[in-house]
Amino acid sequence: MSTNNTRTRALGAIAIGAVAVGVLAGCSGGATGSSTDGSAGGTYTFWDPYPQYDASSDWAKVIDKCAADAGVTIERTGFDTSDLTSKALLAGQQGDSPDILLIDNPAVSTLVEAGIVTSTDENNLQVGDVAQNILGASVVDGKTYGVPIGANTLALYYNPTVLSAAGVDPSSITDWSSLNSALEKVVASGKKGITFSGIGTEEGSFQFLPWFWGSGADLTKLDSAQAVSAVQLWTDWVQKGWAPNSVINNTQTTSWQEFETGDFGFAENGTWQKAGAAKAGYQVIPIPGAKGGAAPAPTGGEFLTLPVQKDAGRYAASSKIVECLTSTANVVGTDNTLNYIAATPEAQKEQLAQDPTLEPWVEAVNAAKARTGDNLGTKYPVISEQLWTAVQNSLTGAQSPQDALKAAQQAASSK
C-alpha cells in the first residue's frame, strides 16, 4: 500500500486548530499569474495529493487536456496528503487558494467549517450521477461541496489454498456466525485465522468501522448493545487465538505483510492491495454484516473542490475542468491507476467491462459509508479517537467492551 494511496490518514492532523504555518514557496494561489476577469484564458492553479505523478504522467496529461478544453492552462502542484490540508487552510486564510483542490474526503468538512470551499450551489458543479453513499463525505448541513474522483474501501481477502485445506467454502461466509465457523476451521487445520489493523489511530477506526456499522451501531451512540457486540467480536478473536496479538499495533501495511506469509486464512484490507493480491492468487469477499449482507465499510478517496476565489467568475472554467476529469471517458482510467472504484454507476459499469474481477469491490463500495456522513462533519475525529481507544482497551484486556465503550461515549459527549 503506497503512502499516497492509503487514503486513511489520521484526522487529528487536519483539525483547524492544529494547522501549523508552513513554507508555501512555489505554491501559487488561484489569483497568481492568472486571468482575474472571469474570461476564458489565463492560468488556473490545481493542488492534489499525488506528488508521485509528474508532468509526464497520464494524470497530469488528462488535467492539461481538460484545462485546454476549458480554454485555460493549468499550474499543478502535488503535495503529500499529510501536508495538503494544512496548506489549503493556510492559503484560504491568506486569500490565496488554488482554483481547484483535490482533497482527502474526511478533510472536506474541515475546509467547509473554515469557509474555504464553495458549495455546488455556488460553483455549478454537477453531482447528480454520483452514488449518494460516496457523495456523503462532501455533504454538510444539506449542501454539497465537492465531486469524488473515485472511492476505495475495505473487504476480506482470503487465501484459497488455506481455506481449501481447512474445508471452508468462502461462498458460505454470509454473516458473523459463518465467518466465525470459518475461522475456527482454519485455526483447527493448523493455520492462522485473520489479521487486521487494530492500531490506536485513525487506521484502527477505519478498519473497525465495517464491524461497528455491520452490527447496526451508530457513531452517535458508541456504547449501544450493537457496538458492544462488534468490539466483543474482535476481542473474542484475539482471546481465542483466531487473530494474533499483533493486530493491536498493526497498521494496514503490517497486517498485509502478515497475510503475505501465506499462514492466514483472511485479512481485512483495501482496494490498494488488489494488484498484489491477484499476483499471489488471493481472492476477496465483502465484509459480512452481523446478520448477513455486505457490511457498510468506510470510503476512502478524494474530492475535487473549488476553493473560494475573490473573482467568482473563475468558477466557470474550474467547473468545466472538474466535469471533464470526472467524466466516464476520463475517470475510469484514473480510477484504475489509483486502484479506486468509480463513483457513478455508468463508470462502474465500464470498469467491470474492463475487469470483471472488480465485482466484489464494486459491491463493497456501493455498500460503503462516508466517515463524516450523517452530518457528523468535524465531530468525526473526536468520535473516532474515542472509538479506537475503546477498541484498544478491549483488545489489550484493560477494560471489558462494555466499560470501554461507556467511557468512550462519555468522553465523546463531553467534547
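How each quantity is defined
- Residues numbered from 1 in each chain as written.
- Predicted model: local features only at pLDDT ≥ 70, side-chain atom pairs only at ≥ 80, totals over all residues.
- Heavy atoms only, no water.
- UniProt positions renumbered as here; feature names shortened; annotations may be inferred.
- Helix = DSSP H or I, 4+ residues; strand = E, 2+ residues; numbered from the N terminus.
- Expected span 1.5 Å × (residues − 1).
- Contact = heavy atoms within 4.5 Å.
- Axes fitted to C-alpha atoms, helices over the stretch in contact; angles between N-to-C directions.
- Parallel < 35°, antiparallel > 145°, perpendicular 65-115°, else oblique.
- Left-handed = near helix turned anticlockwise from the far one by under 90°.
- Nonpolar A, V, L, I, M, F, W, Y, C, P; charged D, E, K, R; others polar.
- Pairing = 2+ DSSP bridges.
- Buried < 20%, exposed > 50% of the residue type's maximum accessible area, 1.4 Å probe, protein only.
- 1 Å grid on protein atoms, 1.4 Å probe; cavity = no way out; pocket = protein on both sides within 12 Å on 5 of 7 lines; lining within 4 Å.
- Points joined across faces, edges and corners; volume = space filled by probe spheres on them.
- Domains from an automatic or database assignment.
- Buried area = accessible area lost by both parts, 1.4 Å probe.
- Salt bridge = Lys/Arg side-chain N within 4 Å of Asp/Glu carboxyl O.
- Polar contact = N/O pair within 3.5 Å; in protein donor to acceptor, adjacent residues only side chain to side chain.
- Core = buried A, V, L, I, M, F, W, Y, C linked by side-chain atoms within 4.5 Å.
- Phe/Tyr/Trp six-rings, centres within 6.5 Å; stacked < 30°, edge-to-face > 60°.

Under an unreviewed UniProt entry, the protein has the name ABC transporter substrate-binding protein and belongs to Microbacterium testaceum. The annotation that UniProt attaches to the protein under Sequence similarities (unreviewed entry) is "Belongs to the bacterial solute-binding protein 1 family."

Colleague: I would appreciate a short explanation of helix α2 (residues 81-93) in the present structure.
Modeller: One turn of the α-helix equals 3.6 residues, which is why residues spaced by three or four share an orientation. For α2, spanning 13 residues, the distance from its first C-alpha to its last is 19 Å, which sits close to the expected 18 Å at 1.5 Å a residue. On the buried face of α2, the contacting elements are β1 (43-48), β3 (100-104) and α3 (108-113). Two residues or fewer past α2, Gly95 is found with a positive phi of approximately 70 degrees.

Colleague: Where do I start with the packing of helix α8 (residues 202-214) against helix α9 (residues 225-240) in this structure?
Modeller: Two quantities define a packed helix pair, namely the angle between the helix axes and the distance between the axes. Where α8 contacts α9, the two axes come as close as 9 Å, and the packing angle between them is 115 degrees. As the angle between them shows, α8 and α9 are arranged roughly perpendicular. Remark: the crossing between α8 and α9 carries right-handed chirality. From α8, Gly204, Gln207, Phe208, Trp211 and Phe212 reach across to α9, where they touch Ala227, Ala230, Val231, Leu233, Trp234 and Trp237. Looking at the contact of α8 with α9, its residues break down into nine nonpolar, two polar and no charged.

Colleague: I tried to follow the sheet that holds strand β8 (residues 192-195) on my own but got confused; where do I start?
Modeller: In sheet architecture, strand pairing relies on hydrogen bonds along the backbone and comes in two forms, parallel and antiparallel. On the basis of which strands lie adjacent, the open sheet formed by four strands has the order β8-β9-β7-β10 and mixed pairing. Here the strands that pair on one side only, and so sit at the sheet edges, are β8 and β10 (283-285). The sheet shows a mean angle of 25 degrees between the axes of neighbouring strands, direction not considered. This element, helix α7 (residues 176-188), spans β7 (154-158), β8 and β9 (264-270) of the sheet and lies at about 130 degrees to β8.

Colleague: Any chance you could explain unusual backbone geometry here in plain terms?
Modeller: One non-glycine residue with positive phi stands out, namely Asp141, at about 50 degrees. With respect to the secondary-structure elements, Asp141 resides in the loop between β4 (139-140) and β5 (143-144). For Asp141, a relative accessible area of 63% corresponds to the exposed category. In this structure, Asn339 takes a positive phi of about 60 degrees despite not being glycine. Given the relative accessible area of 15%, Asn339 is considered buried.

Colleague: I would appreciate a short explanation of α9 in the present structure.
Modeller: Relative to the 22 Å expected for 16 residues at 1.5 Å per residue, α9 spans 22 Å between its end C-alpha atoms, a close match to the ideal helical length. All of the buried residues in α9 are Ala227, Val228, Ala230, Val231, Leu233, Trp234, Thr235, Trp237 and Val238. The secondary structure elements touched by the buried residues of α9 are α7, β8, α8, β9, α16 (380-395) and α17 (401-413). Phi turns positive one or two residues past the end of α9, at Gly241, with a value near 85 degrees.

Colleague: Which parts of the structure should I look at to understand the layout of surface pockets?
Modeller: To find leftover empty space, a probe the size of one water molecule is rolled over the atoms. Space inside the largest pocket adds up to approximately 290 Å³. Contributing to the lining of the largest pocket are 20 residues, with Asp129, Val130, Thr326, Ser327 and Thr344 lying nearest its centre. Of all the elements in the fold, those that place two or more residues in the lining of the largest pocket are β6 (147-148), α13 (328-338) and α14 (345-354). When residues of the lining of the largest pocket are assigned to their parent elements, the largest contribution, three residues, is made by α14.

Colleague: What should I look at first to understand the domain arrangement of the protein in this one?
Modeller: Interface extent is often summarised as the accessible area lost during association of the parts. For the protein, the domain assignment lists domain 1 (43-148 + 302-339) and domain 2 (154-299 + 374-413). Put simply, the middle of domain 1 and the middle of domain 2, counted by C-alpha atoms, are 32 Å apart. Each partner contributes residues to the interface: domain 1 has eight residues there, and domain 2 has seven residues. Summed over both partners, the interface of domain 1 with domain 2 comes to about 700 Å²; 39% of that surface belongs to carbon and sulfur atoms. Remark: the boundary between domain 1 and domain 2 carries zero salt bridges. Here domain 1 and domain 2 share five residue pairs in polar contact (both at pLDDT 80 or more) between them. Sorting the residues of the side of domain 1 that touches domain 2 by element identifies α3 and β4 as the ones contributing at least two each.

Colleague: Honestly, the sheet that holds strand β2 (residues 73-78) in this entry has me stumped. Any pointers?
Modeller: One open sheet accounts for five strands, arranged β2-β1-β3-β11-β6; its pairing is mixed. A single partner strand is all that each edge strand has here, and the edge strands are β2 and β6. The sheet contacts of helix α1 (residues 58-69) involve β1, β2 and β3, and relative to β2 the element is tilted by about 150 degrees.

Colleague: Teacher, can you tell me more about the nonpolar core here?
Modeller: Burial of nonpolar side chains together is a common tendency in soluble globular proteins. In this structure, Phe46, Trp59 and Ile321 are the most contacted members of the largest nonpolar core, which totals 71 residues. If we skip the residues at most four places from it in the chain, Ile321 touches Cys66, Ala67, Ala70, Val72, Ile74 and Ile100.

Colleague: Just to check I follow, could you spell out the packing of aromatic side chains for this structure?
Modeller: The description of an aromatic ring pair rests on the distance of the ring centres and on the angle between the ring planes. Taken as a whole, this structure holds 16 aromatic pairs when the rule is applied. Ring geometry for Tyr50 against Trp59: centres 5.5 Å apart, planes inclined by 75 degrees, an arrangement best described as edge-to-face. Assigned by exposure class, Tyr50 and Trp59 land together as buried. Summarising the aromatic geometry, the rings of Phe259 and Tyr282 are spaced 4.5 Å apart at their centres and angled 50 degrees between planes, so their arrangement reads as tilted. Of this pair, Phe259 sits in helix α10 (residues 252-259) while Tyr282 sits in the loop between α11 (274-280) and β10, and the two are 23 residues apart along the sequence. Under the relative-accessibility criterion, Tyr282 is labelled buried at 11%. Chaining the aromatic ring pairs together yields one cluster made of Trp176, Phe196, Phe208, Trp211, Phe212, Trp234 and Trp237.

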